[in-house]
Amino acid sequence: MKLRLSLAAVLVAFVAGCGGSSGESNTPAPASDSGGKQLFTDNCSSCHTLAAAGATGQVGPNLDQLRPGPDLVTRQVNSGGGAMPSFKGKLTDAQIKQIADYVSANAGKS
Ligand code: HEC
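The shown structure was predicted, so the numbers you read here are calculated from the model rather than taken from an experiment.

So what exactly am I meant to see when it comes to the coordination of the iron atom of the ligand here?
Octahedral six-donor coordination of a metal ideally yields angles of 90 or 180 degrees, compared with 109.5 degrees for tetrahedral four-donor coordination. Only His48 (NE2) and Met84 (SD) from the protein reach the iron atom of the ligand as donors, at distances of 1.9 to 2.1 Å. The coordination sphere of the iron atom of the ligand comprises six donor atoms, whose angles at the metal cover 88 to 179°; the geometry is octahedral. Placement of His48 in the loop between α2 (34-43) and β1 (49-50) and of Met84 in the loop between α4 (70-79) and α5 (93-106) is noted, with a sequence separation of 36 residues between them. Summarising the burial analysis for this pair, His48 and Met84 share the class buried.

Structure (structure tokens):
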């Protein structure tokens, strides 16, 4: 019990110590699940509705209704089609995969 408490104290001190003194304001992009959501917001939300991302675009199909799988999203984002531009070259393959995973996991979920 004592050990746990002091470990917590050390962690708190560590976090507090990292908090703010340096003048650097460039925080690195979080390498987490939120990446797909941010990428969707930046690249797709102007045209597509996806409630999980708070997106209400009306140009393309409503993704909550379409509920595309990751392969369909990947293909569409790479190739474009209809009025949708291709994102190949604008987004990396890894970013497109993040978006595809995010959309297929969240479409129709909220
Ligand atoms: C400029 C507006 C625009 C943007 C930006 C846009 N889309 Fe689209 N999207 C469309 C339109 C329009 C269609 C319908 C295309 C068609 O009729 O062939 C579409 C279709 C789709 C489809 C369905 C494809 C199918 O075969 O049913 C998916 C999935 C999709 N978009 C995902 C995305 C994702 C993910 C992004 C962000 C990387 C994105 N779109 C960005 C306009 C857009």
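Now that the structure is up, let's keep going.
What is the right way to look at the environment of Ile96 in this model?
Tracing the backbone shows Ile96 in helix α5. Take Ile96: its relative accessible area is 2%, and that puts it in the buried class. Along the sequence, Ile96 and Phe40 sit 56 residues apart, while their C-alpha atoms lie 9.5 Å from each other. Those residues in contact with Ile96 that sit more than four places away from it in its chain are Thr74, Val77, Asn78, Phe87 and Leu91.

Even after reading the chapter, I still don't get unusual backbone geometry, so can you show me in this structure?
Phi is positive for Arg67, close to 45°, though the residue is something other than glycine. Position of Arg67 among the secondary structure elements: in the loop between α3 (63-66) and α4.

Which parts of the structure should I look at to understand the site of the ligand?
Around the ligand sit 21 residues in total, of which Asn43, Cys44, Cys47, His48 and Met84 are the nearest. Note that a nitrogen atom of the ligand is positioned 2.7 Å from one of the side-chain N or O atoms of His48. Cavity membership is defined here by more than half of the atoms lying within 2 Å of grid points; on that basis the ligand lies in the largest pocket. Listed by contribution, the elements that provide at least two residues to the shell around the ligand are α3 and α4. Take the shell around the ligand: its biggest share by element is four residues, from α4.

What counts and how
- Residues numbered from 1 in each chain as written.
- Predicted model: local features only at pLDDT ≥ 70, side-chain atom pairs only at ≥ 80, totals over all residues.
- Heavy atoms only, no water.
- Donors = N, O, S within 2.8 Å, 3.2 Å for Na, K, Ca; no water.
- Tetrahedral: all angles 85-135°; square planar, octahedral: opposite > 155°, others 65-115°.
- Helix = DSSP H or I, 4+ residues; strand = E, 2+ residues; numbered from the N terminus.
- Buried < 20%, exposed > 50% of the residue type's maximum accessible area, 1.4 Å probe, protein only.
- Contact = heavy atoms within 4.5 Å.
- Near = heavy atom within 4 Å.
- Polar contact = N/O pair within 3.5 Å; in protein donor to acceptor, adjacent residues only side chain to side chain.
- 1 Å grid on protein atoms, 1.4 Å probe; cavity = no way out; pocket = protein on both sides within 12 Å on 5 of 7 lines; lining within 4 Å.
- Sits in = over half its atoms within 2 Å of the grid points.

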